[in-house]
Every structure is written in structure tokens, then in C-alpha cells.
Amino acid sequence: MRKTVSENVGHPIFPRYAERIVNTSDQRSRNLILIGFMGTGKTTIGKKVAKSLGFRFVDTDHLISKRAGKSIPKIFEQDGEEAFRQMETDILRECASKSNQVISTGGGIVTREENREILKTAGYVIWLKASPETIYERVRRNRNRPLLQTENPQETIREMLEDRNDSYGSANDFEVKTDGLSLEETCFGVSESARVALGVS
Ligand code: S3P
């Protein structure tokens, strides 16, 4: 069974890191990429971790919205999800070609195989996980997520998590179960594992 940071706070070095560092350091850009479902804290955690590592923080949703000149809900409404996904792939590819960044990604980035391939070259990928209940509590008051504007968002979250689970699973180097961890604990686990994996002193 794979260990998660919740079981290892304070002891971030264990074999999975070493394995990945040896295998991938030559081929990957030096970035930390956060993947995970909506509401798992990718942006909040990414900003804090970027500060701690001395990396630049970038957020794919923010870059897409800036380039399109409109909000994510407006892109979905006016251009459709497929157009959004294409912009997401373009932005991810651009981010992957640079280094020393913490890249927070949109929750659906793993749904395209092309993106999962880009992620492999983009850097060290951490999957932030949370239960459907935690996610629902975090997103329920927010109207910025077009895919959750359904009659039964709780059910939608459960179904989407189920659908995407394997894609998140195959795209990450390390997973962090955030339920029950404070923001500080999560940031500590994420930044310390990234420090080891990316060789940041
Ligand atoms: C999406 C997640 C959103 C945003 C868009 C689609 C998804 O990002 O990219 O609404 O498909 O899960 P966050 O994960 O930052 O909410």
C-alpha cells in the first residue's frame, strides 16, 4: 500500500521519492505540479508552497481566463467545454516548458491523455485528495465551477471522482490525503516532498 503524507508528516523521505528522482530528473522540467479534484486546495496550497520553495506560482485556470479575457464559467457558457480543454492543454504545454514553478491545475486536466503525457515531462506531480464530503463542503457556496451547477452537486462530485480516479492515479508521483490535515500540515508535506524530489535546498 502506498503511504500518504498524513502518515508521514515529519518523515518525508521514503522510497517512492528516491525511485522517481533517479528515474526522471534528466527528463523533467523542475516544477511542482498540483493535480486533484475541484476544492482540494490546489491554489491555496500552491501559493504557500511556492513561497516556501522560492518558486513562481502559476495557475492554469487563471492563465486560461486571462488569455480568453473572460471567466471560466463564461468560457464554458460561450465557447463550450471542448474549447476550454484545448486552451488548458495549450497552457499546460507552455508551463511544462519552463522551470522553477509551482503549477496549480484545473481539476479536469487529467481527463485528456495528451495532458497526462505532458504532466510526465512537466515536473514532480502531487495529487491532492479529499473525500466527496470534504469537497462538497468546500465548493458548495461557490458558483465558479460550471460542472458542479447541477441539481445534485453531491452526487455529481461522487460520480466525477469515480470517473477520474484512475486518471489522477496514473498521473501522479505522490498523493496527499488532505482530509484531517491542517493547511500547515498539508503544505509541509507537499513542500518537503517537493524539496527532496526536485533537489531544492
Ligand atoms: C474543472 C475544474 C476547475 C476548472 C473548470 C473545470 C474540472 O478548476 O478548471 O471549472 O473539470 O474539474 P478547479 O479544480 O481549480 O476548481
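Residues numbered from 1 in each chain as written. Predicted model: local features only at pLDDT ≥ 70, side-chain atom pairs only at ≥ 80, totals over all residues. Heavy atoms only, no water.

Colleague: Looking at this structure, I do not really get the nonpolar core. What am I missing?
Modeller: Soluble globular proteins tend to pack their nonpolar side chains together in the buried interior. Among the nonpolar cores identified, the biggest contains 32 residues, and Ile33, Ile35, Phe37, Val110, Leu119, Ile135 and Ile157 are the most heavily contacted of them. Listed by contribution, the elements that provide at least two residues to this core are β1 (31-35), α4 (72-79), α5 (81-96), α6 (113-122), β4 (124-129), α7 (132-139) and α8 (153-171). If we skip the residues at most four places from it in the chain, isoleucine 157 touches Phe37, Pro132, Ile135, Tyr136, Val139 and Leu148. Formed by 20 residues, the second largest nonpolar core is a distinct cluster that contains Ala50, Leu181, Val190 and Ala194. (Core = buried A, V, L, I, M, F, W, Y, C linked by side-chain atoms within 4.5 Å. Buried < 20%, exposed > 50% of the residue type's maximum accessible area, 1.4 Å probe, protein only. Helix = DSSP H or I, 4+ residues; strand = E, 2+ residues; numbered from the N terminus. Contact = heavy atoms within 4.5 Å.)

Colleague: What's the story with the side chain of arginine 85 in this structure? I'm lost.
Modeller: Locating arginine 85 in the fold gives a position in helix α5. The class of arginine 85 is buried, set by a relative accessible area of 6%. Those residues within four positions of arginine 85 in sequence are excluded, and the remaining contacts are Gly108, Ile109, Thr111, Arg112, Leu147 and Arg164.

Colleague: Is there a simple way to think about the site of the ligand in this case?
Modeller: Taken together, 13 residues sit near the ligand, with Lys42, Asp61, Arg85, Arg145 and Arg164 positioned nearest. For the ligand, the accessible surface in isolation is 390 Å², of which the surrounding protein chains cover 94%. Across the shell around the ligand, the residue classes tally to five nonpolar, three polar and five charged. (Near = heavy atom within 4 Å. Areas by Shrake-Rupley, 256 points an atom, 1.4 Å probe, with all protein chains shown as cover. Nonpolar A, V, L, I, M, F, W, Y, C, P; charged D, E, K, R; others polar.)

Colleague: Please clarify how the sheet that holds β1 should be interpreted in this entry.
Modeller: Read across the open sheet, the five strands follow the order β2-β3-β1-β4-β5; overall the sheet is parallel. Where the open sheet ends on each side, the last strands, each with one partner, are β2 (56-59) and β5 (174-177). Shown here is a sheet whose adjacent strand axes are inclined to one another by a mean of 20 degrees, direction ignored. Pairing geometry for β4 and β5, over four bridges, is parallel. (Pairing = 2+ DSSP bridges. Axes fitted to C-alpha atoms, helices over the stretch in contact; angles between N-to-C directions.)

Colleague: Any chance you could explain unusual backbone geometry here in plain terms?
Modeller: Glycine aside, residues mostly have negative phi, and peptide bonds are mostly found in the trans state. At asparagine 100, a position not held by glycine, the phi torsion is positive, near 60 degrees. By the element assignment, asparagine 100 lies in the loop between α5 and β3 (101-104).

Colleague: Explanation requested: the side chain of arginine 116 in the structure shown.
Modeller: Within the fold, arginine 116 resides in helix α6. Buried and unpaired, arginine 116 has glutamate 113 as its nearest opposite-charge partner, separated by 4.9 Å. Contact partners of arginine 116, with chain neighbours within four places excluded, come to Val110, Thr111, Ser167, Ser170 and Ala171. (Lys, Arg positive; Asp, Glu negative; His and termini not counted. Salt bridge = Lys/Arg side-chain N within 4 Å of Asp/Glu carboxyl O.)

Colleague: Is there a simple way to think about α8 in this case?
Modeller: Note: α-helices contain 3.6 residues per turn, so residues at a spacing of three or four share the same orientation. Over its 19 residues, α8 extends 25 Å from the first C-alpha to the last, a length consistent with the 27 Å expected when each residue adds 1.5 Å. The axis of α8 is deflected most strongly, by about 45 degrees, at arginine 164. Of the residues making up α8, those classed as buried are Thr156, Ile157, Met160, Leu161, Arg164, Ser167, Tyr168 and Ala171. In this structure, the buried side of α8 is in contact with β1, α5, α6, β4 and α7. (Expected span 1.5 Å × (residues − 1). Bend = angle between axes of the 7 residues up to and from the residue.)

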